[in-house]
Amino acid sequence: MASLRTPALLPQCSSCVRKVTRQTWDVRGSLQQARSKTKAAREAERNIIVKLLQDVPKFGRAGSLVPVNPATMRNRWFPTRLANYVPFTQLKQLKAQGVDMVRDFNFGVQRSLEEVGVEVDKEDMVQKQRTPYVRPVEIELLSPERSMELLTAFIPPTVDFARQPIEQEKVDVRPRRGVSDAADILTAAAMASRPKPDENGIYGSVSASDVVATLKSALAHNDEAARVILTENDIRFVEGHAEGDNSKVKKLGTFKMEIQVPGAEEPITRMVRVRAKES
């Protein structure tokens, strides 16, 4: 005959049933909580403590103890001497002393004023970004009298220039025999009507701008003289210039010029010598 007794392993009273049920649910809850851990939490448990040998943004300064993934330490930080391993005994002593071993996520990261709680005018910030501040250059201008004194002291009496002269056509004195006397007359008239080049003519010219460039080179050897402001309008040829244009000469020779900065009472006189360029 089959026995009707309840197995001895099963709880016999209601209090025991409740106790077993409660233990079962506690175990299931703990297992479910372990499964629901995030990836970041599981990685944090696997991190190791290392000592930084250099400043690392988002981690900390050199000498700090920070947690890091073992793979990152093994493959990147340790080979490049960015960090070093901490022995277990030393790590145990540091933990006992309460040394901070946390990562500084804000280290080396530029934060805007809004993030730190400072009120800013956005329109003002945009305007400052568009128009960066440029510090004005303060230059003490020389007086006209002092400028003329420096020009007198540093400009030589004669300023030389070299230009290529225009070659003169050789006159053929041999008699020309044309088809007829009328052809000879027409040929002679055409040659007589051609403009004859100046005996001392040059290719191009020596202009006031050329003189200014040469004078500035002479003034550059002195710090104060280099501050003299000289323009083309301050140079004027007194002789040898083209008719109606006193700002340039177009032939070989020596010519007088005047230099006078704005505000000066009297000009100074110097000579400009234009010589043939040696080929």
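- The protein chain is annotated in an unreviewed UniProt entry as Ribosomal protein L9 domain-containing protein from Lojkania enalia.
- The record held by UniProt for the protein chain lists under Sequence similarities (unreviewed entry) the comment "Belongs to the bacterial ribosomal protein bL9 family."

## So, the pattern of salt bridges
Here the idea is simple: oppositely charged side chains can pair when their charged atoms come close.
In step 1: Applying the stated criterion to the full structure yields 5 salt bridges.
In step 2: Residue Glu224 is joined to Arg146 by a salt bridge in which the shortest nitrogen-to-oxygen separation is 2.9 Å. In this pair, Glu224 is assigned in the loop between helix 8 (208-219) and strand 6 (235-237) and Arg146 in helix 6 (residues 144-154), connecting sequence segments 78 residues apart.
In step 3: In this structure, Arg163 and Asp210 form a salt bridge, with 3.4 Å as the shortest nitrogen-oxygen distance. Of this pair, Arg163 sits in strand 4 (residues 158-163) while Asp210 is found in helix 8, placing the two residues 47 residues apart along the sequence.
In step 4: Salt bridges linked by common partners bring Arg146, Glu149 and Glu224 together as one network.

## Concerning the sheet that holds strand 7 (residues 241-242)
Strand pairing within a sheet occurs via backbone hydrogen bonds; the two strands may be parallel or antiparallel.
In step 1: On the basis of which strands lie adjacent, the open sheet formed by 3 strands has the order 5-8-7 and antiparallel pairing. Of all strands in the sheet, those bounded by a partner on one side alone are strand 5 (201-207) and strand 7.
In step 2: As defined by bridge partners, strand 5 adjoins strand 8 (residues 245-251) across 3 bridges and the pair is classed as antiparallel. Each bridged residue has a counterpart across the sheet, and for Ser207 the counterpart in strand 8 is Lys248.
In step 3: The strands that helix 8 touches are strand 5 and strand 8; relative to strand 5, the one it contacts most, it runs at about 60 degrees.

## Comments concerning the nonpolar core
Considering soluble globular proteins, one finds that nonpolar side chains tend to be buried as a cluster.
In step 1: With 29 residues, the main nonpolar core has Leu151, Val211, Leu215, Ile235, Met257, Ile259 and Val274 as its most contacted residues.
In step 2: Contributions of two or more residues to this core are made by helix 6, strand 4, strand 5, helix 8, strand 6, strand 9 (253-259) and strand 10 (268-276).
In step 3: Not counting the four nearest positions on each side in its chain, Val211 is found in contact with Phe161, Val206, Ile235, Phe237 and Met257.
In step 4: Among the nonpolar cores identified, the runner-up in size contains 10 residues, and Val50, Leu52, Val56 and Ala83 belong to it.

## Observations regarding unusual backbone geometry
In step 1: We note that Lys58 has phi near 70 degrees; this positive angle belongs to a residue other than glycine.
In step 2: In this fold, Lys58 is placed in the loop between strand 1 (48-52) and strand 2 (65-68).
In step 3: Positive phi, close to 55 degrees, is recorded for Arg81, a residue that is not glycine.
In step 4: Structurally, the position occupied by Arg81 is in the loop between helix 3 (70-77) and strand 3 (83-85).
In step 5: According to the relative accessible area criterion, Arg81 is partly exposed, its value standing at 45%.

## What to know about the environment of Asn84
In step 1: Mapped onto the secondary structure, Asn84 falls in strand 3.
In step 2: With relative accessibility at 28%, the residue Asn84 sits in the partly exposed group.
In step 3: Taking the C-alpha atoms as reference, Asn84 lies 5.8 Å from Val50; in sequence the two are 34 residues apart.

## A word on the sheet that holds strand 3
In step 1: The 3 strands lie next to each other as 2-1-3, forming an open sheet whose pairing is antiparallel. Only two strands of the sheet have a single neighbouring strand rather than two, namely strand 2 and strand 3. Taken over all neighbouring pairs, the strand axes of this sheet differ in orientation by 50 degrees on average, direction set aside.
In step 2: Taken together, the 3 bridges between strand 1 and strand 3 define a ladder with antiparallel strand orientation. Each bridged residue has a counterpart across the sheet, and for Leu52 the counterpart in strand 3 is Ala83.

## Describing the pairing of strand 4
In step 1: Side chains Val159, Phe161 and Arg163 project from strand 4 onto a buried face, and the interleaved Thr158, Asp160 and Ala162 project onto a face without burial.
In step 2: Across 6 bridges, the pairing between strand 4 and strand 10 is parallel. Residue pairing in the sheet places Val159 in a bridge with Val272 of strand 10.

Calculation notes
Residues numbered from 1 in each chain as written. Predicted model: local features only at pLDDT ≥ 70, side-chain atom pairs only at ≥ 80, totals over all residues. Heavy atoms only, no water. UniProt positions renumbered as here; feature names shortened; annotations may be inferred. Salt bridge = Lys/Arg side-chain N within 4 Å of Asp/Glu carboxyl O. Helix = DSSP H or I, 4+ residues; strand = E, 2+ residues; numbered from the N terminus. Pairing = 2+ DSSP bridges. Contact = heavy atoms within 4.5 Å. Axes fitted to C-alpha atoms, helices over the stretch in contact; angles between N-to-C directions. Core = buried A, V, L, I, M, F, W, Y, C linked by side-chain atoms within 4.5 Å. Buried < 20%, exposed > 50% of the residue type's maximum accessible area, 1.4 Å probe, protein only.

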